[in-house]
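# Structural overview for review
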Amino acid sequence: MANLKDLAIQLFDIQAVKFGTFTLKSGISSPVYFDLRVIVSYPKIMRSVSEFMWKAVKDAECEYASICGVPYTALPIATCMSADHDIPMLIRRKEAKGYGTKKIIEGHFSAGDKCLIAEDVVTSGSSVLETVKSLQDEGLVVTDAVVLLDREQGGSKRLAQNNIRLHSICSISKLMLILLEAGKVDQKMVNQVQKFITENNTFNPEAKPAEEVKKVLTYVERAAQCTHPLSKRLFSIMQEKRTNLALSADVNTAAELIQMADSIGPYICVLKTHIDIIEDFSADLIQKLSSLAAKHNFIIFEDRKFADIGNTVKQQYGGGMYRISEWADIINAHAVPGPGIIQGLKEVGATKNRACLMLAQMSSKGTLAKDTYTAESVKMAEGNKDFVIGFICTEKLSSDPAMLHMTPGVQLSAGVDGLGQQYLTPQEVITNRESDVIIVGRGITQSANPMQAAKEYQEAGFLAYQALFN
Ligand code: 5IU
């Protein structure tokens, strides 16, 4: 086995340690960058790294029944430690597996078993803590983590705060000294790195312990948290059909609406209608629409945008020629009249197990639904969870996992139409803004091949959801 000095120089020579100007994941610019992924191309160095790590935990007399590498870079390192020293290994999936056994941790273990964490580089400790959390969720116990390089930016303190001892093979200061002595870097670079470390400490003693750190929930987990049968059903459909796409079927005849619902039905979780733009509305249309909803397993959302006092919306919802409450699973309402609008709608819809979305934000340019108005709409929704199951919005507004966020104004490329509509991409809406459902109209209905377009939106939306777990 090489000594630490040799190993440090080898890591420099294979460019696992680089100097220059690098933008880190956090957006901060750093003079030093570690890219330990490359060691898979150098088996001798890989073995040397794993030996150093094994020896460190042996010297510290750590107790553990298994070892788990933080995905992905530390996976092969943990594999070497496991195979060379006969330590059973566990693998933590990075992606939430949406099918099959849904296991996050692969390998055999019993609740209460101790597991050692292996990692290549620790900065703030958050990646280690993520893996720890997944292991703890399965009943495993983690008391120790071993890392090759400690960037000395607060990781060991953060781990200690979470009752995990960090064993590091080499600190960044030690690495710089070795490289300086070996003539690989000059004193100026050493100073620059030192300054960076001092100025970029990530440890905040006031930060919440790991258990309280936000975790992205899967559709299955969200369905389990819903008390309203409709939101529960919608999250289940999203998982089952692997889609977060709602079709805004803004067509003008019954035949077109039926045709759209039947051909696009397999790709969507929600069909959104504007029933008052249909020229030849009839009870027959509603019957056909309802049987297509059953055939393709989607939910019907009438985008009626009620906006009057309680007594009036009651009649608009239950009566008139459309009798919306008899067929639309979901409707939506503006918050502008105040909570009376929800009371009125609820009187008609609650007994039928219908639900409402609050219009908290709009996609159009110059919308007045922002700031305090949005905040008040959210409050109004959260005070009526027996009937309001979420929002029409342009970003995530509530931390309640049962609350649905549905976003209109979506196309595959961002842009505007000639009448103030503003488009965001599925990725922006789902991954960056953490909304749940993309509502797409003309992106599908006016495409040369609507079915193909729907498939593309379904895929883009679901990939953007899966990206939340990476
Ligand atoms: N819609 C919006 N923006 C909003 C709300 C509703 O676009 O803020 I509230 C409706 C209007 C239309 C559909 O029925 O969503 C979007 O259609 P296009 O994807 O064709 O722009």
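Counting restarts for each chain: residues are numbered from 1 in the order of the written sequence. Only residues with pLDDT of at least 70 get local features here, since the model is predicted, and only at 80 or more are side-chain atom pairs given and counted; chain-wide, interface and lining totals rely on the full set of residues. Think of the side-chain values as coming from all heavy atoms in the structure, minus any hydrogens and water.

If you look the chain up in an unreviewed UniProt entry, it shows as Uridine 5'-monophosphate synthase from Capitella teleta.

## Quick notes on the overall build of the chain
Secondary structure follows DSSP: runs of H or I at least 4 residues long count as helices, runs of E at least 2 residues long count as strands, and numbering of each begins at the N terminus. Looking only at helices and strands, the chain has 17 helices and 18 strands in total. Across its three principal axes, the chain shows a C-alpha extent of roughly 85 × 50 × 45 Å. Burial statistics for the chain: of 470 residues in total, 51% are counted as buried. Expressed as a percentage of contacts within the chain between residues at least 6 apart in sequence, the contacts between residues at least 24 apart total 68%. Summed over all atoms, the accessible surface of the chain reaches about 21500 Å², with 50% contributed by carbon and sulfur. Buried residues are those whose accessible area, probed at 1.4 Å on protein chains only, stays under 20% of the maximum for their type, while exposed residues exceed 50% and partly exposed ones sit between those limits. A contact between two residues is defined here by any heavy atoms of the two lying within 4.5 Å. Calculation of accessible area relied on Shrake-Rupley with a 1.4 Å probe; when residues are assessed, cover is drawn exclusively from the protein chains displayed.

## Overview of the sheet that holds strand β3 (residues 66-69)
Pairing in this open sheet of 6 strands is mixed, and the strands run β5-β4-β3-β6-β7-β8 from one edge to the other. The outermost strands of the open sheet, each flanked by one partner alone, are β5 (105-106) and β8 (165-171). Here an axis means a line fitted to C-alpha atoms, over the contact stretch when the element is a helix, while the angle between two N-to-C directions is reported on a 0 to 180 degree scale. On top of the sheet, helix α2 (residues 43-59) reaches β6 (115-122), β7 (144-150) and β8; it is set at about 135° to β7, its chief contact. Each of β7 and β8 is contacted by helix α6 (residues 172-181), which is oriented at about 15° to β8, the strand it contacts most. Think of it this way: DSSP has to see at least two bridges between two strands before they count as a pair.

## Topic: the sheet that holds strand β18 (residues 437-440)
Spatial ordering of the closed barrel is given by β9-β10-β11-β12-β13-β14-β15-β18, a layout of 8 strands whose pairing is parallel. Going from strand to strand, the sheet's axes swing by 30° on average, the running direction of each strand aside. Note that strand β12 (residues 330-334) and strand β13 (residues 355-359) share 5 bridges and pair parallel. The partner of His-334 across the bridge, within β13, is Leu-359.

## As for the site of the ligand
Throughout, the term near means that a residue has one or more heavy atoms lying within 4 Å of the molecule or strand in question. Taken together, 16 residues form the shell around the ligand, and within it Asp-250, Ser-363, Gln-421, Tyr-423 and Arg-442 come nearest. N or O atoms within 3.5 Å of each other form a polar contact, as long as, within protein, one can give a hydrogen and the other can take it, and as long as residues adjacent in sequence are counted only when both atoms are side-chain atoms. Within the contact set of the ligand, a nitrogen atom lies 2.6 Å away from a side-chain nitrogen or oxygen of Ser-363. The separation between an oxygen atom of the ligand and a polar side-chain atom of Gln-421 is 2.7 Å. Relative to its free-state accessible area of 500 Å², the ligand is covered by the protein chains to the extent of 90%. Along the lines of polarity and charge, the residues of the shell around the ligand split into 6 nonpolar, 5 polar and 5 charged. For this classification, the nonpolar set comprises Ala, Val, Leu, Ile, Met, Phe, Trp, Tyr, Cys and Pro, the charged set comprises Asp, Glu, Lys and Arg, and every other residue, Gly included, is treated as polar.

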